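# Structural description and commentary
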Amino acid sequence: MDFRLTPAEETFREEFRKWLNQTLPGDWDPFNQPTFKEPEKIRDTYRAFQKKLSEAGYAGIHYDKAYGGQGRSLMEGVIVSQEMGRRCISVVMPGVITHGMALPLIYFCGTEDQKKKFIPKILDGSHLWCQGFSEPDAGSDVANISTMAVRDGDNYIVNGQKVWTSMAHFADYCLLVVRTDPDSRKHKGLSYLLVDMSLPGIDPRPMTQITGEAEFNEVFFDNVRVPVSSLIGEEGQGWKMAITTLMFERAMGDVVISAAYETNVEKLIRMAATTKNSGQPVIEDPVYRQQIAQSYIEIMALKYHGLRNFSSHIKTGIPGPEGSIGKLLWSEPNQRITETAMDMQGPAGQIAGGPWSVQNGSWQYAFLRSKGNTIEAGTSEIQRNIIGERVLGLPKDASRDKSAS
Amino acid sequence: MDITLSKTQQNIAQEARRFLKKECPSEYVQKMFKDPQGMTDDLWRKMAEMDWMAMRIPENYGGMGMEQIDMSLLLEEMGRVVLPGPFFSTVILAGETILAAGTDTQKRQYLSAIADGKAKATLALHEPDGGSDLGYIDMSGTRNGEDFILNGTKLYVPDAHLADFIVVPVRTGTTGEPADTISLFVMSAREKGVTISPLPTMDGTRKLSAVICRDVQLTKASILGELNKGWHPLMHALQRAQVGLCAEAVGGAQKAMEIASDYAKVRVQYDQPIGSFQAVKHMCAQMFTETESSRSMLYWASWAQDFGAENEATIAASSAKAYCTDAFTNVAAKGIQVLGGTGFTMENEMHLYLKRAKANQAALGTPVYHRERIMQLLASAVQ
Ligand SMILES: Cc1cc2nc3c(=O)[nH]c(=O)nc-3n(C[C@H](O)[C@H](O)[C@H](O)COP(=O)(O)OP(=O)(O)OC[C@H]3O[C@@H](n4cnc5c(N)ncnc54)[C@H](O)[C@@H]3O)c2cc1C
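Here the structure is a predicted model, which means the values were calculated and not measured. (Residues numbered from 1 in each chain as written. Chains lettered and ligands numbered in written order. Predicted model: local features only at pLDDT ≥ 70, side-chain atom pairs only at ≥ 80, totals over all residues. Heavy atoms only, no water.)

With that settled, consider the pattern of salt bridges. Opposite charge on two side chains permits pairing when their charged atoms draw close. Using the criterion set out here, one finds 48 salt bridges over all chains in the structure. Between Asp2(A) and Arg4(A) there is a salt bridge, and its shortest N-O distance comes to 3.1 Å. For Asp2(A), a relative accessible area of 25% translates into the label partly exposed. Each of the salt bridges in this network shares a partner with another, and the network as a whole consists of Lys22(B), Glu23(B), Asp42(B), Arg45(B), Lys46(B) and Glu49(B). (Salt bridge = Lys/Arg side-chain N within 4 Å of Asp/Glu carboxyl O. Buried < 20%, exposed > 50% of the residue type's maximum accessible area, 1.4 Å probe, protein only.)

This next bit is on the side chain of Asp159(B). All names here are of chain B. Among the structural elements, Asp 159 can be located in the loop between β3 (147-158) and β4 (165-171). Buried and without a salt bridge, Asp 159 has Arg 206 as its closest oppositely charged side chain, separated by 4.9 Å. Other than its neighbours up to four places away in sequence, Asp 159 contacts Gly 85, Pro 86, Ser 89, Arg 206 and Lys 207. (Helix = DSSP H or I, 4+ residues; strand = E, 2+ residues; numbered from the N terminus. Lys, Arg positive; Asp, Glu negative; His and termini not counted. Contact = heavy atoms within 4.5 Å.)

The full set close to the ligand counts 20 residues, and Gln131(A), Ser140(A), Trp164(A), Thr379(A) and Glu381(A) are the nearest of them. Surrounding the ligand are residues belonging to chains A and B, so the site spans chains. Backbone polar atom of Ser134(A) to an oxygen atom of the ligand: 2.8 Å apart, as the coordinates give it. Computed on the free molecule, the ligand has an accessible area of 960 Å², of which 70% lies beneath the protein chains in the complex. Among the elements of the structure, β3 (155-166) and α10 (380-391) of chain A are those that each provide at least two residues to the shell around the ligand. Here the residues of the shell around the ligand sort into seven nonpolar, nine polar and four charged. Taken together, domain 2 (131-236) and domain 3 (240-404) of chain A each give at least three residues to the shell around the ligand, which thus spans both. (Near = heavy atom within 4 Å. Polar contact = N/O pair within 3.5 Å; in protein donor to acceptor, adjacent residues only side chain to side chain. Areas by Shrake-Rupley, 256 points an atom, 1.4 Å probe, with all protein chains shown as cover. Nonpolar A, V, L, I, M, F, W, Y, C, P; charged D, E, K, R; others polar. Domains from an automatic or database assignment.)

Looking at the element boundaries, Asn32(A) is found in the loop between α1 (7-23) and α2 (39-55). Residues in contact with Asn32(A), not counting those within four places in the same chain, are Gln359(A), Asn360(A) and Ser362(A).

Attention now goes to the packing of helix α4 (residues 96-109) of chain A against helix α5 (residues 112-123) of chain A. Residue and element names in this part refer to chain A. Relative to each other, α4 and α5 sit at 155°, their axes nearing to 9 Å. Taken together, the axes of α4 and α5 lie roughly antiparallel to each other. In this structure, α4 meets α5 at a crossing whose hand is left-handed. Contacts from Thr 98, His 99, Ala 102, Leu 103, Ile 106 and Tyr 107 of α4 reach α5 at Gln 114, Lys 115, Phe 118, Ile 119, Ile 122 and Leu 123. (Axes fitted to C-alpha atoms, helices over the stretch in contact; angles between N-to-C directions. Parallel < 35°, antiparallel > 145°, perpendicular 65-115°, else oblique. Left-handed = near helix turned anticlockwise from the far one by under 90°.)

All names here are of chain B. For chain B, the domain assignment lists domain 1 (7-119), domain 2 (123-228) and domain 3 (232-382). Inter-centroid distance (C-alpha atoms) of domain 1 to domain 3 is 21 Å. Between domain 1 and domain 3, the residue contacts involve 24 residues of the former and 33 residues of the latter. Interface area for domain 1 against domain 3, summed over the two sides, is near 2300 Å², with a carbon-plus-sulfur share of 64%. Among the residues of domain 1 in contact with domain 3, Gln 68, Glu 76 and Arg 80 are the three that bury the most area, contributing 26% of the side total. Our count for the contact surface shared by domain 1 and domain 3 stands at three salt bridges. When the shortest N-O distance is used, the salt bridge between Glu 76 and Arg 295 registers 2.9 Å. For the interface between domain 1 and domain 3, the tally reads 10 residue pairs in polar contact (both at pLDDT 80 or more). Put simply, the parts of the chain that give the side of domain 1 that touches domain 3 at least two residues each are α2 (26-34), α4 (68-80) and α5 (87-101). Top element by residues in the side of domain 1 that touches domain 3 is α4. It accounts for eight residues. In terms of residue class, the side of domain 1 that touches domain 3 is made up of 13 nonpolar, six polar and five charged. (Buried area = accessible area lost by both parts, 1.4 Å probe.)

Have a look at this one:
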């Protein structure tokens with residue numbers, strides 16, 4: 001057992017750190033970054049950064065050179081992810097679906113043409129992707145999707161509606177799950193299409209979230225003609241693909257997130273040192289000291305759990321049961337971090353910016369945004385169902401037993 | 001980086017599981033729980049034959065010189081069955097302290113005796129009014145020519161009633177920080193002036209005693225290492241012991257979780273296995289989540305004791321101590337809830353897990369103590 005990096009990996013980390021320091025602006029503050037209130041800005045910042053990353057040879061570290069990757073090790077991929085999570089999570093965020101879902105799915109399941117067409121554009125920052133899974137009647141029960149794709153010559157005609165589609169209003173492509181077999185039910189008959197968002201008939205309408213910004217959208221598809229060549233994998237095999245791809249990238253995702261949250265805990269401590277209650281720094285209050293330390297501990301659990309999961313993945317090629325708990329290990333602790341931060345501010349917790357706010361109101365945003373954490377990417381309840389049923393082998397509840405395949 | 005277990009390590013765990021399943025079934029533990037001694041010589045001898053006492057002791061003192069992680073894997077299995085008796089007090093508490101503090105001669109004398117199972121021992125640390133503060137050491141060691149006279153009370157000393165010798169941290173300096181005032185003495189449990197009184201202990205598998213010293217006269221040779229320099233080695237040993245408690249916690253939580261989820265598959269109410277009810281299913285899922293993440297913390301903290309920088313070893317031990325022992329307590333409590341009335345009986349084994357969980361939380365610094373320690377380290381790093 002060894003938690004250390006090799007000397008070569010350490011050197012690689014140092015080099016990448018140095019590059020980040022030179023590339024990020026001098027007054028870079030990982031916490032005060034554009035939000036989705038300024039969608040163009042967030043998109044352009046992402047694009048510009050990803051382009052630089054690519055030019056410097058740091059994009060797609062563990063992907064094949066043939067498609068614009070670097071052909072380096074997974075561990076080096078982890079290193080880059082960790083450093084970006086730590087220093088510039090805000091520029092990583094808009095690319096989470098692009099790099100965490102679209103890229104691995106195309107890489108592992110795409111045709112040679114699809115790989116050549118899409119991967120280089122993802123890696124150099126030209127294309128941002130969104131993920132069209134959820135629908136009004138298919139949330140947790142994602143297999144209940146009813147958006148239809150009907151074959152018409154060389155095209156599919158797509159009709160239906162997606163919802164909660166993050167970044168659909170400025171994404172270039174969509175990873176769209178559709179029903180290709182109208183007589184199918186549930187998991188069977190679902191397919192993945194790689195859809196150009198500029199096609200006629202696609203209408204994304206931003207929805208205002210509790211943070212006041214619009215990160216996600218309703219997206220309407222009205223007789224959209226999608227070329228058959230956009231199908232990825234076989235028709236009707238969409239479900240299986242989704243499961244396999246996501247396992248691996250989830251492990252990588254945990255690594256990025258834990259690095260970002262480590263920075264958040266540091267920020268929390270800085271805030272506690274400078275914020276006062278009854279004239280005294282909050283950091284002297286034993287109640288908050290306990291809460292801060294607890295958050296630190298929980299983030300360490302996330303970090304080392306993620307690395308352990310990743311490590312056994314690399315060694316054995318199969319995700320262990322430990323993979324399924326990562327989502328719970330980041331979403332709930334993040335909510336606790338932001339709640340602690342809000343409590344520590346006392347009455348200033350109500351102020352979302354300006355001179356009398358704490359750390360420019362960034363925690364107010366973080367607090368609200370964290371409420372989405374236990375919903376997005378599968379709610380906590382669904383995670384616990386999965387662990388209970390697939391890992392522990394507990395029986396399905398009677399109602400779902402009947403409806404599911 | 002490789003955070004997986006080697007073949008050898010997997011073997012340690014498998015062998016231990018096989019052995020303990022046979023030699024330490026739940027009926028045995030239940031019996032020892034009520035037994036005043038709390039372990040049979042037969043089991044102790046067999047464990048010694050497995051070379052378990054020798055694992056962490058260096059080869060030149062008759063041991064096997066293995067790493068903390070290897071010991072953690074063994075302790076995980078011991079925690080799984082809630083092993084009763086003085087293994088932890090002898091091998092971990094006394095053994096690690098002597099290993100960290102002793103001179104070559106002392107190690108030869110005491111560690112060899114531990115390694116081959118001849119001696120049982122313990123560490124007498126906590127004192128009245130000290131609470132969780134590991135540095136609250138009031139027992140005095142006053143000079144008397146070449147000798148020292150010990151006076152004071154030690155409490156909550158694990159398995160002192162079985163010990164042949166006891167390691168005692170004592171205040172020998174008069175002023176200043178613990179780093180310059182604490183000495184570690186090793187004394188026979190039958191030394192004149194030593195009274196050992198067993199305390200009614202909630203966790204009957206780890207019996208605690210009061211150890212009272214009244215004018216106990218010890219020679220200078222009974223000081224482990226240097227006079228007044230016991231604090232740092234003691235802290236190093238305690239960190240390993242804290243990690244040891246985490247290992248027991250992970251093993252215990254794993255088993256409690258298995259008992260509960262197995263039960264949830266077969267116990268039928270309202271014509272369905274109770275595990276199909278989400279309220280029950282989600283409790284089991286939470287037990288799994290806490291157990292599996294505790295195991296990751298345990299691996300990190302174990303590794304850091306041997307290979308991490310000093311600061312990392314400390315913060316990892318404290319993080320794991322708080323996280324894993326809290327988790328074990330939650331898991332065992334949920335275990336009782338999942339079992340219903342059955343879980344609330346002495347007859348069912350679940351009570352053993354709850355009691356050990358609570359004991360491991362309380363011993364060697366509560367989670368509150370460790371979180372404060374972490375906060376001190378974090379605050380100084382950020383400022
Ligand atoms: C910030 C954010 C970004 C998102 N981005 C995207 C995106 O880019 N693309 C995309 O496709 N989707 C996205 N989603 C959608 C997300 O995946 C869904 O919201 C989620 O799967 C839940 O579906 P729902 O909202 O329909 O809630 P529902 O499924 O209706 O759930 C409502 C409540 O019921 C509970 N519940 C439902 N079924 C069960 C059950 N079987 N057992 C126990 N409890 C149950 C849920 O846990 C929840 O508490 C995003 C969501 C958020 C919040």
